[in-house]
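# Survey of secondary and tertiary structure
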Amino acid sequence: MSKFPKDPIVRGSFFKLNKQFAKLRRKKKREFRENILDRLSNLESENPKDYWNLVNQLRLENNSETKNNIDGDIWYKYFSDLSSIPENEHIKSKIKEIKSKLELLEKKNFGFSEIDFKITPGELQKALRQLKSGKSPGLDTITNEMLKVSQSYMQDCLLKLFNAILLSGIYPTPDYLSIKFTACADLYNYCLRSTTSGLLHVPRPNSDFLKRTFKYSGLITWNNLPNNIKEIDNLDTFKTNCSNYFLTEQNKDARN
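Okay, so let's go over this structure. (Residues numbered from 1 in each chain as written. Predicted model: local features only at pLDDT ≥ 70, side-chain atom pairs only at ≥ 80, totals over all residues. Heavy atoms only, no water.)

### A short note on the overall build of the protein chain
If you tally the helices and strands in the protein chain, you get 13 helices and 0 strands. Ordered by position from the N terminus, the helices and strands of the protein chain form the series α-α-α-α-α-α-α-α-α-α-α-α-α. Within the span of the protein chain, comprising 256 residues, buried residues form 16% of the whole. Counting only carbon and sulfur atoms, one obtains 55% of the accessible surface of the protein chain, whose full area is about 20,900 Å². (Helix = DSSP H or I, 4+ residues; strand = E, 2+ residues; numbered from the N terminus. Buried < 20%, exposed > 50% of the residue type's maximum accessible area, 1.4 Å probe, protein only. Areas by Shrake-Rupley, 256 points an atom, 1.4 Å probe, with all protein chains shown as cover.)

Quick look at the structure:
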């Protein structure tokens, strides 16, 4: 295979022989097991001494196969190093700088709203554990693997950052969100109800897949809001009114 990896005859012969070898190996293993069981059943009544000698021999062979040759101190040092902060002055200075900035944010008097609660360390750890590996990063180029590996020494920073964002109401607004949503007033020059009521343009869905996306559901949710809620400038007031509106609509649906 190493000399002729693309030769169909060689590949066919290799896979055929490999299949025959695996089949023969399973057969020999099954015959060996049956032979041992037959010997044990016969020796137990005929010759107890040989029976126990065979049992002890099999027990020693089993223990020798599973013996761990790695010292416990090596295991402890290895896993301790995984959770420790790297010995890098640049990384330590960056972490210290981030912590100082977050402490300044914490000193600001941000009040909790009635629908916001402080994020706990347990919630953060659960969210980090549920992150899937192998996913492409966003515009910040931070992958899920980076967050998982760094949670041991960046957990406090992440927790302070997320709570500061939640309490201050200053959320990151990536450029791709403005690309996804387009106001009807930007598309049409003439006066329509959609252009004067602050509606967003909803693309026509050609499949059910588009209806399940954030782009489509977000547009529908915004357009269904009453105008008095869409015109609110204060973030906390907007969230409170949205919460009351959705709860009222949910109660109406439950009654119907």
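### Some remarks on the nonpolar core
Membership of the largest hydrophobic core is limited to 6 residues, which are Ile-36, Leu-40, Leu-43, Tyr-51, Leu-54 and Val-55. Among the elements of the structure, α1 (8-46) and α2 (48-65) are those that each provide at least two residues to this core. (Core = buried A, V, L, I, M, F, W, Y, C linked by side-chain atoms within 4.5 Å.)

### A closer look at helix α13 (residues 235-255)
With 21 residues, α13 extends 30 Å from end C-alpha to end C-alpha; this agrees with the ideal 30 Å at 1.5 Å per step. Here α13 has its buried residues at Phe-238, Lys-239, Thr-240 and Cys-242. Between a side-chain oxygen at the N-terminus of α13 and the backbone nitrogen of Asp-236 the separation is 3.1 Å; the capping residue is Asn-234. (Expected span 1.5 Å × (residues − 1). Polar contact = N/O pair within 3.5 Å; in protein donor to acceptor, adjacent residues only side chain to side chain.)

### Looking at a positive patch on the surface
On the surface, Lys-19, Lys-23, Arg-25, Arg-26, Lys-27, Lys-28, Lys-29, Arg-30 and Arg-33 cluster together to form a positively charged patch. Along the chain, Arg-30 falls in helix α1. On the accessibility criterion, Arg-30 (43% relative accessible area) is partly exposed. (Patch = residues over 30% accessible without salt bridge, like charges linked within 9 Å, V, L, I, M, F, W, Y side chains within 5 Å. Salt bridge = Lys/Arg side-chain N within 4 Å of Asp/Glu carboxyl O. Lys, Arg positive; Asp, Glu negative; His and termini not counted. Charge placed at Lys NZ, Arg CZ, Asp CG, Glu CD.)

### Digging into the packing of aromatic side chains
Evaluated as defined, the whole model comprises 2 aromatic pairs. Here the aromatic rings of Trp-222 and Phe-238 are separated by 6.3 Å at their centres, their planes lie at 40°, and the arrangement is tilted. Within this pair, whereas Trp-222 is found in helix α11 (residues 214-224), its partner Phe-238 is found in helix α13, the two being separated by 16 residues in sequence. Residue Trp-222 is classed as partly exposed on the basis of its relative accessible area of 26%. (Phe/Tyr/Trp six-rings, centres within 6.5 Å; stacked < 30°, edge-to-face > 60°.)

### Observations regarding the environment of Arg-39
Relative to the helices and strands, Arg-39 is located in helix α1. Under the relative-accessibility criterion, Arg-39 is labelled partly exposed at 39%.

### What about the side chain of Gln-155?
Within the element layout of this structure, Gln-155 appears in helix α6 (residues 144-168). By relative accessible area, which is 16% here, Gln-155 ends up buried. Sequence-distant contacts of Gln-155, defined by excluding residues within four places in its chain, comprise Pro-121, Leu-124, Gln-125 and Ser-150. (Contact = heavy atoms within 4.5 Å.)

### Brief notes about α11
Listed as buried for α11 are Tyr-216, Leu-219 and Asn-223. Seen along its axis, α11 keeps its buried residues to an arc of 70°; they face one direction. For α11, the secondary structure elements touched by its buried residues are α10 (208-211) and α12 (227-230). (Arc of directions from axis to C-beta.)

Taken by themselves, the reported measurements are silent on function.
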